[in-house]
Amino acid sequence: MVTTLLILNLIAAILFVASVMMKGMIQLRIAAILADAFEFAASAVSLSPIGIIKYMITLPTNWLRLTQMLQLVKRTELAAASDMSMDWLKPFMHLRKTTTGQVIFNAGDKADCMYMVASGQYRLVESGMEVGVGQVVGELGLLTPSNTRTQGFACEQGGDLYEISYDHVRELYFQNPEFGFFFLKLTSRRLLENIARLEAELARRPAGPEVAAQPAL
């Protein structure tokens, strides 16, 4: 029994040290789950009620966090490969009520969060482009050096916006390299889409007045 307990504790200690050394959150969670499993076994062998209760809490918690992170990566990967929907971010966002005529932000304002339209009607002020339900605004401010808004964003008909702070996005980004990679891929594609939409909008607008002919000398 002493030998078995010693082996279990030794393996658990090695796995714990390995989890501390790991940079990726998924790998860290896996190592922590294995360490908890061996610690739980050691507590059961030694009939330690405190240890049993402790690892009955930490083991399922680490398993839950691992599952959530794997689901996040999967949803992000599917979004990057399909219709660019960012619905997978909704569990990490909160709803914000808006009213008709409200200016969400102005051009030049400091950017600290991004939005996704849940309901209502919205428009980018300077370009006049409409932003519909399911579309995202403000994600590119996270990647710009100045972190300032390039256009204003206003509500034309009251509704709801999903909101997530840049700090929360950064937390998700640094917790998981896979999430960071696919988020960058999505924002890059979103930038190209926005450019295409702007070009199409400009093409639909009537041409300005022709330059007056030069008077004869």
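Only a predicted model underlies this, so the values are computations on that prediction, with no experimental measurement involved.

Asks: Would you explain the overall build of the protein chain in this entry?
Replies: Secondary structure assignment for the protein chain yields five helices and six strands. Its helices and strands in sequence order give the protein chain the pattern α-α-α-β-β-β-β-β-β-α-α, from N to C terminus. Residues classed as buried in the protein chain amount to 34% of the 217 residues present. Of the accessible surface of the protein chain, which amounts to about 13000 Å², a share of 65% is contributed by carbon and sulfur atoms.

Asks: How do you make sense of the confidence of the model for the protein chain when you look at a structure like this?
Replies: The predicted coordinates should not be examined in detail at positions where pLDDT is low. Within the protein chain, residue pLDDT values average 78, and 82% of them lie at 70 or more. A low-confidence stretch, residues 210–217 (pLDDT under 50), is modelled with zero contacts involving residues beyond four sequence positions or located in other chains.

Asks: Just checking my understanding: could you explain unusual backbone geometry for this structure?
Replies: Excluding glycine, a negative phi dihedral is what most residues carry, and trans is how most peptide bonds are arranged. Backbone geometry at Asn147 places phi at a positive 50°, although glycine is not the residue there. Tracing the backbone shows Asn147 in the loop between strand 5 (136–137) and strand 6 (153–165).

Asks: Got a minute to help me understand the nonpolar core in this structure?
Replies: Inside soluble globular proteins, nonpolar side chains tend to come together where they are buried. Judged by nonpolar contacts, the single largest core of 22 residues is most densely connected at Met86, Leu89, Met114 and Phe183. Taken together, the elements giving at least two residues each to this core come down to helix 2 (25–45), helix 3 (49–81), strand 3 (113–124), strand 6 and helix 4 (166–175). For this core, the element with the highest residue contribution is helix 3, accounting for four residues. Counting 13 residues, the second-largest nonpolar core is a separate cluster that includes Ile104, Phe105, Val117 and Tyr122.

Asks: For this particular structure, what's the right way to read helix 2?
Replies: Because each turn of an α-helix spans 3.6 residues, side chains separated by three or four positions in sequence point in the same direction. Between its first and last C-alpha atoms helix 2 spans 30 Å; for 21 residues at 1.5 Å apiece the expected length is 30 Å, and the two agree. Positive phi shows up at Leu47, right after helix 2, with a value of about 55°.

Asks: Explanation requested: the packing of aromatic side chains in the structure shown.
Replies: Geometrically, a pair of aromatic rings is defined through the distance of the ring centres and the angle of the planes. The full count for this structure, using the stated rule, is four aromatic pairs. Centre to centre, the rings of Phe105 and Phe153 are 5.5 Å apart; their planes meet at 35°, and the pair counts as tilted. Placement of Phe105 in strand 2 (residues 103–105) and of Phe153 in strand 6 is noted, with a sequence separation of 48 residues between them. Given a relative accessible area of 7%, Phe105 falls into the buried group. Clustering of aromatic rings is evident, with ring pairs tying together Phe105, Tyr115, Tyr122 and Phe153. Arg149 extends its terminal NZ or CZ atom over the ring of Phe105, reaching a point 4.1 Å from the ring centre.

Asks: So what exactly am I meant to see when it comes to the pattern of salt bridges here?
Replies: Side-chain pairs of opposite charge can arise whenever the charged atoms involved come near each other. Per the counting criterion, the structure on display carries five salt bridges. For Glu163, the salt bridge is made with Arg96, and the minimal N-O distance between the two is 3.1 Å. Within this pair, whereas Glu163 is found in strand 6, its partner Arg96 is found in strand 1 (residues 94–98), the two being separated by 67 residues in sequence. On the basis of relative accessible area, Glu163 is assigned to the buried category, the value being 15%. Since its relative accessible area comes to 25%, Arg96 is described here as partly exposed. Taking the shortest distance from any N to any O, the salt bridge between Arg170 and Asp167 comes out at 3.0 Å. Taken together, the residues span about one helical turn, with Arg170 and Asp167 both in helix 4 at a distance of three residues.

Conventions we followed
Residues numbered from 1 in each chain as written. Predicted model: local features only at pLDDT ≥ 70, side-chain atom pairs only at ≥ 80, totals over all residues. Heavy atoms only, no water. Helix = DSSP H or I, 4+ residues; strand = E, 2+ residues; numbered from the N terminus. Buried < 20%, exposed > 50% of the residue type's maximum accessible area, 1.4 Å probe, protein only. Areas by Shrake-Rupley, 256 points an atom, 1.4 Å probe, with all protein chains shown as cover. pLDDT = per-residue confidence, 0-100. Contact = heavy atoms within 4.5 Å. Core = buried A, V, L, I, M, F, W, Y, C linked by side-chain atoms within 4.5 Å. Expected span 1.5 Å × (residues − 1). Phe/Tyr/Trp six-rings, centres within 6.5 Å; stacked < 30°, edge-to-face > 60°. Lys NZ or Arg CZ within 6 Å of the ring centre and 35° of its normal. Salt bridge = Lys/Arg side-chain N within 4 Å of Asp/Glu carboxyl O.

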